Amino acid sequence: MIILGIDPGLNITGYGVIETAGRRVRLVEAGVVRGGSSSNRSLAERVAEVHQGICEVIESHSPDVMAIEELYSHYDRPKTAILMGHARGAIILAGQLGGLSVKHYAATQIKKTLTGNGRAPKSQMQKAIARELGLPAPPEPADVADALAIAMTHWFLDCRLSVESG
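Residues numbered from 1 in each chain as written. Predicted model: local features only at pLDDT ≥ 70, side-chain atom pairs only at ≥ 80, totals over all residues. Heavy atoms only, no water.

Here we look at the overall build of the protein
Moving on, step 1. Summing up its helical and strand segments, the protein has five helices and five strands in all.
Moving on, step 2. When the helices and strands of the protein are listed from N to C terminus, the series reads β-β-β-α-β-α-β-α-α-α.
Moving on, step 3. For 166 residues, the compact-globule estimate of 2.2 N^0.38 gives 15 Å, and the protein sits close to it at 15 Å.
Moving on, step 4. Overall, the protein is about 45 × 35 × 30 Å in size when its C-alpha atoms are taken along their principal axes.
Moving on, step 5. Sequence-distant contacts, at least 24 apart, represent 57% of the contacts inside the protein between residues at least 6 apart.
Moving on, step 6. Only carbon and sulfur atoms are counted for the fraction: they give 50% of the accessible area of the protein, which is about 8600 Å². (Helix = DSSP H or I, 4+ residues; strand = E, 2+ residues; numbered from the N terminus. Rg over C-alpha atoms; globule rule 2.2 N^0.38 Å. Contact = heavy atoms within 4.5 Å. Areas by Shrake-Rupley, 256 points an atom, 1.4 Å probe, with all protein chains shown as cover.)

A short note on the packing of helix α1 (residues 43-61) against helix α2 (residues 78-97)
Moving on, step 1. α2 packs onto α1 with a crossing angle of 35 degrees between their chain directions and a minimal axis gap of 9 Å. Between α1 and α2 the crossing geometry is right-handed. Between α1, through L43, V47, V50, H51, I54, C55 and I58, and α2, the contact on the second element is made entirely by L83, H86, A87, A90, I91, L93, A94, G95 and L97.
Moving on, step 2. Here the contact of α1 with α2 is built from residues that sort into 13 nonpolar, three polar and no charged. (Axes fitted to C-alpha atoms, helices over the stretch in contact; angles between N-to-C directions. Left-handed = near helix turned anticlockwise from the far one by under 90°. Nonpolar A, V, L, I, M, F, W, Y, C, P; charged D, E, K, R; others polar.)

Structural notes on the nonpolar core
Moving on, step 1. Formed by 20 residues in total, the largest nonpolar core has its most connected members in I3, I18, L114, I129 and M152.
Moving on, step 2. Counting residues per element, the ones that place at least two in this core are β4 (65-69), α3 (107-115), α4 (122-133) and α5 (142-165).
Moving on, step 3. With eight residues, the top contributor of residues to this core is α5.
Moving on, step 4. In this structure, I18 is in contact with M1, I2, I3, V25, R26, L27, V28, L148, A151, M152 and W155, ignoring residues within four places of it in sequence.
Moving on, step 5. Counting 15 residues, the second largest nonpolar core, distinct from the first, contains I6, V17, M66 and I68. (Core = buried A, V, L, I, M, F, W, Y, C linked by side-chain atoms within 4.5 Å. Buried < 20%, exposed > 50% of the residue type's maximum accessible area, 1.4 Å probe, protein only.)

Some details on the sheet that holds strand β2 (residues 12-21)
The strands that make up a sheet are held in pairs by hydrogen bonds between backbone atoms, and each pair lies either parallel or antiparallel.
Moving on, step 1. Taken together, the five strands give an open sheet; going across it, the order is β3-β2-β1-β4-β5, and neighbouring strands pair in mixed fashion. Each end of this open sheet is capped by a strand with a single partner; those strands are β3 (24-34) and β5 (101-105). Strand-to-strand, the axes of this sheet are offset by a mean angle of 20 degrees, without reference to chain direction.
Moving on, step 2. Pairing analysis gives five bridges linking β4 to β5, with the strands arranged parallel. Each residue of the ladder has a partner; that of M66, found in β5, is V102. (Pairing = 2+ DSSP bridges.)

What to know about the confidence of the model for the protein
In regions of low pLDDT, the predicted coordinates are not meant to be interpreted in detail.
Moving on, step 1. When pLDDT is averaged along the protein, the result is 91; 92% of the residues meet or exceed 70.
Moving on, step 2. By mean pLDDT, the top-scoring element of the protein is strand β1 (residues 2-7) (98), and the lowest-scoring one is α5 (85). (pLDDT = per-residue confidence, 0-100.)

Some details on the pattern of salt bridges
Moving on, step 1. Per the counting criterion, the structure on display carries four salt bridges.
Moving on, step 2. The salt bridge involving K122 is made with D146; its shortest N-O contact spans 2.5 Å. Of this pair, K122 sits in helix α4 while D146 sits in helix α5, placing them 24 residues apart in sequence.
Moving on, step 3. Exposure remark for D146: the relative accessible area of 10% places this residue in the buried category. (Salt bridge = Lys/Arg side-chain N within 4 Å of Asp/Glu carboxyl O.)

Looking at the pairing of β3
Moving on, step 1. Examined bridge by bridge, β2 and β3 share ten bridges and lie antiparallel to one another. Among the inter-strand pairings, T20 is bridged to a residue of β3, identified as V25.
Moving on, step 2. Where β2 hands over to β3, the hairpin turn is made up of two residues, of which G22 adopts a positive phi near 65 degrees.

As structure tokens, then:
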């Protein structure tokens, strides 16, 4: 199974593609899609860039499923949540148009699944991903590690447990 994990963002969207076979998992590709900074591009252009970038990843790797982080909003930053909603919508649309099942995971669930701590800092998540995937160094930027963590969470919660119980 090929799983596409997405850490949505309007400026930087992290993605990670993993391939699983039973209890084994391997990194296929990981990177970022850039929507551009708000100072030089309109919101519509940035959303379109994110959508197009994710469509290209889907076309290139033909994943079976997309796992994406749920929207989190802090009451201090409602505008950030609204902008993230635009990015998530574009990404989910890309998955739907690509024929993918789209699964949603809360940030605390992702962190707890990989580290045992739902409030783990980004550096701990990066180290956990490096360990789980046998990487020589933690993935950079943190958006990439987060996307891989989302894909790994889907594998562990939805796929791996099914294989182990079956």
